[in-house]
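Reading the structure
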Amino acid sequence: MTSDIHHLVPAQAAAVARRLELLTLEEAHDLLRLLQLIAQEGPDELSEEAGWFAQELVSRIPSEN
């Protein structure tokens, strides 16, 4: 993750956490899959942010299994 992204994302973390509480577990898993697909698309700002958000979701929701 580039340092520019690192500074951008944590500033959004509190607002994101409040919004994530409103998702159902199924919605959270759907969003996680979408973010993971975007994160795999290549080294750019969007994929790095998607990867960061995917990691945040993984740490906050139970696995599907």
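Cut-off values and rules
Residues numbered from 1 in each chain as written. Predicted model: local features only at pLDDT ≥ 70, side-chain atom pairs only at ≥ 80, totals over all residues. Heavy atoms only, no water. Helix = DSSP H or I, 4+ residues; strand = E, 2+ residues; numbered from the N terminus. Areas by Shrake-Rupley, 256 points an atom, 1.4 Å probe, with all protein chains shown as cover. Buried < 20%, exposed > 50% of the residue type's maximum accessible area, 1.4 Å probe, protein only. Contact = heavy atoms within 4.5 Å. Phe/Tyr/Trp six-rings, centres within 6.5 Å; stacked < 30°, edge-to-face > 60°. Salt bridge = Lys/Arg side-chain N within 4 Å of Asp/Glu carboxyl O. Axes fitted to C-alpha atoms, helices over the stretch in contact; angles between N-to-C directions. Left-handed = near helix turned anticlockwise from the far one by under 90°. Nonpolar A, V, L, I, M, F, W, Y, C, P; charged D, E, K, R; others polar.

What follows concerns the overall build of the chain. Tallying secondary structure elements over the chain gives three helices and zero strands in all. When the helices and strands of the chain are listed from N to C terminus, the series reads α-α-α. As displayed, the chain has an accessible area near 4,700 Å², and 55% of this comes from carbon and sulfur atoms.

Time to look at the side chain of H29. Tracing the chain through its elements places H29 in helix α2 (residues 25-39). A relative accessible area of 7% places H29 in the buried class. In this view, H29 contacts I61, P62, S63 and E64; residues no more than four positions away in its chain are not counted.

The tally for this structure, following the rule as stated, stands at one aromatic pair. Pairing W52 with F53 gives two aromatic rings, centres 4.9 Å apart and planes at 85°, and the pair type is edge-to-face. Each member of the pair W52 and F53 is classed as buried.

Right, let's talk about the pattern of salt bridges for a bit. The final tally for this structure, using the stated rule, is three salt bridges. Taking the shortest distance from any N to any O, the salt bridge between D30 and R33 comes out at 2.3 Å. Placement of both D30 and R33 in helix α2 is noted, with a separation of three residues, approximately one turn of the helix. With a relative accessible area of 37%, R33 lands in the partly exposed category. One salt bridge connects R60 with E56, and the closest N-O pair in it is separated by 2.7 Å. With R60 and E56 both in helix α3 (residues 45-60) and four residues apart, this pair spans about one turn of that helix. A cluster of three or more residues bridged by salt bridges with shared partners is formed by D30, R33 and E64.

On to the packing of α2 against α3. Two elements in contact, α2 and α3, have axes whose closest approach is 8 Å; the angle formed by their N-to-C orientations is 145°. Crossing geometry of α2 relative to α3 is assigned as left-handed. For the pair formed by α2 and α3, the contact residues are A28, L31, L32, L35, Q36, I38 and A39 on the first element and L46, S47, A50, G51, F53, A54, L57 and V58 on the second. Across the contact of α2 with α3, the residue classes break down as 12 nonpolar, three polar and no charged.

Just geometry here; none of it tells us what the structure is for.
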